[in-house]
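Structural description and commentary
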Amino acid sequence: MTSEILSAINILTQPLGAAEASAQTSQQEALHAALGANRSVLLERLRSDGSLQRVARLRDEAKGEADWYGGETDDVTWSFVQECLLLLLALTRHLTEELKLFQEAPPPSGSLRTPEMAPPLPPDVLSVSQQKTVGAALQFVVSLGVCPYLSAGVGVPLGRRSAFGAVVEKLIQRETSPPAGRRLLTTTRVLLQVAELATLATLVFSRHLGDVMAALCQLGYEPHREDRRPLSTEECRWCKEALRNLLGKVYQPIVVKELLVLQGGPKQSGPAGSSRAALGSAPAWLRRLCGQLLSERLMQPSGVQAVVRAILEAGTGGDSDWRKCDAVARILAACPQQSASADGYFRLVCPQIPDLLHFRDKLTAQQFQRVATRAALSMVQERPAFAQQYLLAPLLAPLHRCITASAEEHLHVAVEELDLTRCVEDVYKIWVVGNSPSPTLLAALQDVLPVIFTLFCFTKQSVSHLRAPCQEILLWFLKLSETSAALSLLRQLSGLRERRNDVAAEFHFTAGGDGGVRLVCRQTCSDEDEELYKKLSGEQWRLKCLVQLLAQLTNSDLAGDFFLDLLQELTGWAAALDEELKDEEEVDVAAMTLLEVEQQLLGGAERRAEKLTLLQALAVMVESLEQEQLLRKTSQVVDFMVSLLQRACVGLDGASAPGVGNPVESQTLSMGMGLVATLLSAPQISAQDYSCMSKLLRPLEALSQQHPDVVVQVLASNLRAVIATHGACRPESLADAARCRGNPGETTENSKAKSEGRSQQTPAGRFPQRPSPPSSSGDPDPSNKPLSDWLLEACDPDVPTRAVALRVVTRMVQRRHPEAVQAQQKVLTLFLENLEHEDSFVYLSAIQGLAVLADSYPGQILERLLQDFQRGPSLPSSKQERSLETRLKVGEVLMRASRAMGELAPHLGRPLLSVFLQGTRDPDQSVRASSLSNLGELCQRLDYSLGPLAQELSSCLTALIKTEREAEVRRATVHVIAQLLRGLSDKTTQVLSDVLLDLYRALKLVVRSDPDPAAVLHAQLALEELDHVMRRFVFPEQKLEKKIVVLP
């Protein structure tokens, strides 16, 4: 039946015969004759041909139901259109009935089907030739029944489409009945009725959607006078509803494209009678209607994407497409006049813009990304409030969730990998690729930069595709933001300022499954030491990553500005050091409450932590960044020198200056002033450079008047003269200082020589200098003075002199100097007396001397030391209140002596072992801990000689583990076991075979029940050592050896 209907349609729409005419009038006559002839042939065939009887019956049924059919008319074109409409309705009714029967029919039985068989085709599927026949009928209907009756400016006129269209326009008779409006309504209604079948809807809307939409717009919305309205109110309402339904069903980019065509171009400024002006622009009512419909399309879900696709889908990526992208972006950023409110428009449109950034197709992604970026930047620039609320805040929401996440709301994962990846990529595309900095964008990004930096530090530890975008985002902000904002951010990221807007403390980043990162809840760690280690190592890693970022700013002065900012702060702290010390001395703790005392202590700890962070940041920058990057400009070098000279001037008017007498500070100052001399020795120095150097005048004046070194005074005075006179006064010593800048040793020697030459000019005792601590390579030669002189100097009240003398006497003992050998007891008494000195420089030198003395003469010296360790100092001049401190120092001597025994430990260590075991029962916990520490050092060197004492040693250690209350002593006890196992190694199973089980149980007891985490850690290390020993014992290493056995 379908083929018969299509055959009838083919008869009606068959092409013209061989009639040819060159004139336009003959073409119209030929077309008019062909339309009438084809209609007559069809009607005759329907009456006479038996194969078309069913088609005739369906046609008659459709004609009977059609209230619009007007019968025979004098207008051949309208009669032809009516016949086409009747046949299309007949085809639609037939295919609908057949499809309904097909859907209701039961599926074929399983025995008749095989897996290779294709599913049966529904009856509404048309072949290519059949679709061509239906398409021809639809083209005639639209060309003869729709387009000729559209008003001027509505849709694309037929004359602008093809030459055939111009012929058709002149063929239409508008004056005959029915009126043009009724004809347009009839044709449109039938086309929409035909389009209710999906198969035919594709043929209608794929080619004629614009014409149908134009007809519905004209029928429903074109204004008319009340006495000339072609349609009733109900018919107009139906057309409006049909247009709404049509726009909702069709693919939205096509709808947008057709609406843009209907809206037409801008108003033309040509003459009133110009045909181009009439064709180029749409009526005002149609432009308003299309604008309203386009706004509705834009504000509905995925409407932005539909608009962008409609405009850009036919693009090829050329220059014109980029201009189209910018035009679309401007459209999206401008609120349409038809919108009820700007807030409602941006609330619906802004969330759709980031979706344009997530396409994978290369060409589409480029175009959509440009549209999204330009639209976002335009919104931020023109409507910053709406952009911040509806665009930037949702876009940055995953990063904000990293800041505000809480363990109560997110038990496991706070931010998923996909959300975080998309967020970082979107920020990179809009901020970095868009590259249009504005205060709104910079402020929104600055709030989440700490999170991005933490994410960057995490990605630097592994492989992740987020590392590069995070780095580019951070560099973009540091390059384009204000210097003050960038420095503030750097101080916060380096830990010099309170960390704000960073990742929540209860969460941390972990690697995702697709190469990204996600934010998960942090697992609690019971080990405080491990937690502290993670925190410190994390801060060091963050600082290292920050300096690596600064190293990427090759053409920026930010690294130098940050370095100078840190130096200036360091100078300020040095200046405030004396005041802080005075304040701490004046604090009356007795008059303060516990809360005030706690706040005072915490404040001091925080200040010290800030100073350590500052010094660490300076050290990392100096080690990692090149000099040319730190000080790129003359102004930065001058600022650096100002900071250096101000630090050198701190405290010059008092005796407690931190840099006075310090050789490192003096050498640094000399090199810095040599750097200034080098700058001033340049061939040409501009007035701007001299103006910048004027900041050095005040600190140079202070150095020239108050510094104790005469050379520094003279050089500072000369430099000040050159700068003040802009080079008119240039002393000869300036060039020498510039040459010596690269050789600090030469500078120091010259300074010493000149200082000695001018020593008479310097008042004696005005600037007392403290000698630097002697090193092994710089100690005086003992042969210059006799031992008696060194012994006298070892009693000198000056601390450096006494310490140097003790070191010299120690070297004489170590070299077996004859005088030192004879005066052995005097040397021993000297060392024991200095052991009680308060200065660490002195008593450490005495400890070293006693250790060397015990190593050289163990028989006589160890007995005296063991006696003092057990009972306290035996000298008559010893102070009883410092007895405990002296005993601990003697314990340090004994520990060093134990280490120096080597293979003689089994012979010389028996007395020490007895004293140390007795010391484990001393009333003072410090002595017990010291005895255990020495016991561990000694036991790991006794080897097999420890066997007879193993039971006694085991009983002592296990008893201390079970009964000792002090955590410090328990730690030392467990540490003894660990040292014992480490020292015996493979000999453990032989030497400690009887007590090994007891020691193992004691260690397990510590791991299970000891409240001190440090003791538990030592016990775990000891158990690991025992595990290695037992594995080597049970599974000895297999060695391939050749043995030669001599048979008897």
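Residues numbered from 1 in each chain as written. Predicted model: local features only at pLDDT ≥ 70, side-chain atom pairs only at ≥ 80, totals over all residues. Heavy atoms only, no water.

**Observations concerning the side chain of Ser930**
Relative to the helices and strands, Ser930 is located in helix α43 (residues 925-939). Classification of Ser930 by relative accessible area gives buried; the value is 13%. Discounting chain neighbours no more than four positions away, the residues touching Ser930 are Phe869, Leu888 and Gly891. (Helix = DSSP H or I, 4+ residues; strand = E, 2+ residues; numbered from the N terminus. Buried < 20%, exposed > 50% of the residue type's maximum accessible area, 1.4 Å probe, protein only. Contact = heavy atoms within 4.5 Å.)

**A word on a nonpolar patch on the surface**
Together, Phe1033, Val1034 and Phe1035 make up a nonpolar patch on the protein surface, roughly 360 Å² of accessible area in all. Residue placement: Val1034 occurs in helix α48 (residues 1013-1034). (Patch = residues over 30% accessible without salt bridge, like charges linked within 9 Å, V, L, I, M, F, W, Y side chains within 5 Å. Areas by Shrake-Rupley, 256 points an atom, 1.4 Å probe, with all protein chains shown as cover. Salt bridge = Lys/Arg side-chain N within 4 Å of Asp/Glu carboxyl O.)

**What to know about helix α28 (residues 634-649)**
Over its 16 residues, α28 extends 22 Å from the first C-alpha to the last, a length consistent with the 22 Å expected when each residue adds 1.5 Å. The element α28 is extensively covered by neighbouring structure, given that 12 of its 16 residues are classed as buried. Here α28 has its buried residues at Gln636, Val637, Val638, Phe640, Met641, Val642, Ser643, Leu644, Leu645, Arg647, Ala648 and Cys649. (Expected span 1.5 Å × (residues − 1).)

**Description of unusual backbone geometry**
Positive phi, normally seen in glycine, also occurs at Asn435, with a value near 50 degrees. Along the polypeptide, Asn435 turns up in the loop between α19 (417-433) and α20 (439-459). Positioned with a positive phi, Ser985 is a non-glycine residue whose angle comes to about 55 degrees. Structurally, Ser985 is set in the loop between α45 (967-984) and α46 (988-991).

**Overview of the packing of aromatic side chains**
Each pair of aromatic rings is reported with the distance of its centres and the angle of its planes. A complete count under the given rule lists 6 aromatic pairs for this structure. Between the aromatic rings of Phe346 and Phe386, the centroid separation amounts to 5.3 Å while the plane-to-plane angle is 15 degrees, which identifies the pairing as stacked. Remark: Phe386 occurs in helix α17 (residues 384-395) and Phe346 occurs in helix α15 (residues 342-349); sequence separation between them is 40 residues. Judged by its relative accessible area of 1%, Phe346 falls in the buried class. Ring geometry for Phe458 against Phe509: centres 6.5 Å apart, planes inclined by 45 degrees, an arrangement best described as tilted. Remark: Phe509 occurs in strand β2 (residues 507-511) and Phe458 occurs in helix α20; sequence separation between them is 51 residues. (Phe/Tyr/Trp six-rings, centres within 6.5 Å; stacked < 30°, edge-to-face > 60°.)

**Remarks on the nonpolar core**
Judged by nonpolar contacts, the single largest core of 219 residues is most densely connected at Trp431, Leu445, Phe509 and Leu696. Here Leu445 is in contact with Val427, Trp431, Ile452, Ile473, Trp476 and Phe477, once residues within four sequence places are set aside. (Core = buried A, V, L, I, M, F, W, Y, C linked by side-chain atoms within 4.5 Å.)

**Structural notes on the pairing of β2**
Pairing of β2 with strand β3 (residues 517-521), which is carried by 5 bridges, proceeds in the antiparallel orientation. Bridge pairing in β3 places Ala511 opposite Val517. (Pairing = 2+ DSSP bridges.)

**Examining the sheet that holds strand β1 (residues 413-415)**
The 3 strands lie next to each other as β1-β3-β2, forming an open sheet whose pairing is antiparallel. Here the strands that pair on one side only, and so sit at the sheet edges, are β1 and β2. Each neighbouring strand pair of the sheet contributes to a mean axis angle of 45 degrees, computed without reference to strand direction. Here 2 bridges tie β1 to β3, and the two strands are oriented antiparallel to one another. (Axes fitted to C-alpha atoms, helices over the stretch in contact; angles between N-to-C directions.)

**A closer look at the state of the cysteines**
All chains considered together, the criterion is met by 0 disulfides. Of the cysteine sulfurs around Cys217, a residue in no disulfide, the closest is that of Cys290, at 5.5 Å. Note on Cys457: no disulfide assigned, nearest cysteine sulfur contributed by Cys545 at a separation of 4.0 Å. (Disulfide = S-S within 2.5 Å.)

**A look at the UniProt feature "domain: RNA polymerase II assembly factor Rtp1 C-terminal" (unreviewed entry) in the protein**
Cross-referencing UniProt, the feature "domain: RNA polymerase II assembly factor Rtp1 C-terminal" (unreviewed entry) maps to residues 788-904 and 995-1028 in the present numbering. A distance of 18 Å separates the end C-alpha atoms of residues 995-1028, which is 88% helix and 0% strand. (UniProt positions renumbered as here; feature names shortened; annotations may be inferred.)

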